[in-house]
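# Breakdown of the fold
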Amino acid sequence: MRDKDGMFDADLLILGAGPAGLSAAQYGSRANLRVLAVEEMAPGGQALNIGLLENYPGNVGRGGFPPRSGFEFCEDLHRQAESFGAQFIMEGAVSVVRETAGAPGNGGGPGFFAVTLSGGGVLCAPAVILATGASHRALGVPGEQELEGRGVSYCAACDGPFFKGKRILVVGGGDSACDGAQYLSRLSDTVIMIHRKGMFRSQKALADRVLSNPNITVRFNTRLVEIKGENKVVSAALCGADCAVYEQPVDAVFIFAGSVPKTSLVKDLAPLDEAGYVVTDQSMAASPGLYAAGDVRSSPFRQVVVAAGEGAVAAHCAAAYIDSLKGEIYR
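Reading guide: rules and limits
Per-chain numbering applies: the sequence of each chain, read as written, is numbered from 1 onward. Only residues with pLDDT of 70 or above have their local features reported here, since the model is predicted, and side-chain atom pairs are shown and tallied only from 80 upward, although totals for entire chains, interfaces and linings are computed over all residues. In computing side-chain values, all of the structure's heavy atoms are included and hydrogens and water are not. Axes here mean lines fitted to C-alpha atoms, for a helix over just the part in contact, with angles spanning 0 to 180 degrees between N-to-C directions. Secondary structure elements are defined from DSSP: runs of H or I of at least 4 residues count as helices, runs of E of at least 2 residues count as strands, and each element is numbered from the N terminus. Crossing handedness is defined as follows: a turn of the near helix away from the far one that is anticlockwise and smaller than a right angle gives a left-handed crossing, while the clockwise case is right-handed. In this analysis, two residues are considered to be in contact whenever any of their non-hydrogen atoms come within 4.5 Å of each other. Three classes are used, and their members are as follows: Ala, Val, Leu, Ile, Met, Phe, Trp, Tyr, Cys and Pro are nonpolar, Asp, Glu, Lys and Arg are charged, and the others, Gly among them, are polar. Working definition of a nonpolar core: buried Ala, Val, Leu, Ile, Met, Phe, Trp, Tyr and Cys residues. They are joined through side-chain atoms within 4.5 Å. For every residue, the accessible area obtained with a 1.4 Å probe (protein chains only) is divided by the maximum for its type, and the residue is called buried under 20%, exposed over 50%, and partly exposed between those limits. Between any two strands, at least two bridges found by DSSP are needed for them to pair.

Where helix 4 (residues 175-185) meets helix 5 (residues 204-211), the axes come as close as 9 Å, and the angle between the chain directions of the two elements is 35°. The two elements helix 4 and helix 5 cross, and the hand of that crossing is left-handed. Across from Asp-175, Cys-178 and Gln-182 in helix 4, the residues of helix 5 making contact are Leu-206, Ala-207, Arg-209 and Val-210. Split into classes, the residues belonging to the contact of helix 4 with helix 5 amount to four nonpolar, one polar and two charged.

Moving on to the nonpolar core. Soluble globular proteins tend to pack their nonpolar side chains together in the buried interior. Among the nonpolar cores identified, the biggest contains 37 residues, and Leu-12, Ile-14, Phe-88, Ile-129 and Tyr-291 are the most heavily contacted of them. Taken together, the elements giving at least two residues each to this core come down to strand 1 (12-15), helix 1 (19-30), strand 2 (35-38), helix 2 (70-83), strand 7 (127-130) and helix 6 (304-325). The greatest single-element share of this core, amounting to 10 residues, is contributed by helix 6. Excluding its chain neighbours within four sequence positions, the residues that come into contact with Phe-88 are Ala-17, Leu-22, Ala-25, Ala-37, His-78, Ala-81 and Glu-82. Counting residues in hydrophobic clusters, the runner-up holds 21 residues, among them Leu-13, Leu-117, Leu-123 and Leu-130.

The three strands lie next to each other as 4-5-6, forming an open sheet whose pairing is antiparallel. Edge positions in the open sheet fall to strand 4 (93-99) and strand 6 (122-125), since each of these has one partner strand only. Averaged over all pairs of adjacent strands, the angle between their axes in this sheet comes to 20°, without regard to strand direction. Alignment of strand 4 against strand 5 (residues 112-117), held across six bridges, turns out to be antiparallel.

Spatially, the five strands line up as an open sheet ordered 9-16-10-11-12, and their pairing is parallel. Strand pairing shows two members of the sheet lacking a second neighbour, strand 9 (152-153) and strand 12 (216-220), which therefore form its edges. With two bridges connecting them, strand 9 and strand 16 (residues 252-255) associate as parallel partners. By the bridge assignment for strand 16, Ser-153 is matched with Phe-254.

This part takes up unusual backbone geometry. Even without being a glycine, Asn-32 presents a positive backbone phi close to 70°. Backbone geometry places Met-284, a non-glycine residue, at a positive phi of 70°. Note that Met-284 resides in the loop between strand 17 (259-261) and strand 18 (285-287). Given a relative accessible area of 7%, Met-284 falls into the buried group.

Encoded structure:
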């Protein structure tokens, strides 16, 4: 995919294809950029695990299109981006390097980025959008790692159907935990939800729904101490407000303890905050030509709608940056 001068593989490389990356791919393509999105899994990222994307603007059952799951929503985003010309490579990125000597054949002009893929190939472009998202955060309690995939899970939509009618423990108090508990309560009438604080930190509408759900028993000021079992989860050791540890029989433990941003690719290229998220300006730029959007970016609010908006802004500003490299600045 070299251009006629043999310079770059694309105008814009997007690393990650969740809602931020998919939106960036659409807006970048609509700006007449040659866009390549690199995604090691399936387009959609963590949004694929959302059972019902009920708080995305316009995603309602009346007066608009029917409610969609995160999977359906991301499928639509993917098809839309492709329809405008974005191309996707299903491969992982293992390194990003800023080359300051200029691209081959460009006469020593502005630098560019070289992205090495897991298959050994290298892609070059003058601008990169990091939209790699975040991965689940493990609690690190005994039994968690040993029983992952055998009753310990971090994704309700992925593994919940394996535990229909079973005793389920949900750990966490944010949006993902409440959304996961709601989903699991449709599969089992025995869902126990624990949170180490005295109140949820999720959006109030989600919290109220959980608290009023007859299939969910909420225990505040309670933390998970240990997950027990040999070949499968059989119980969980919990510590309540009185600091007494007791054993709770359960068949599955779903953990929603926050996320860890996937910033290893740019740790030497972009500023990071104390939690490891990429710090950008209002244009989503972390440094000249390097942008970040979505759950990988330092932000006070992480939602699908925010990620999509940041992806659009990043692509728009990347297009302006590329125009400036060509001396085509519009005021």
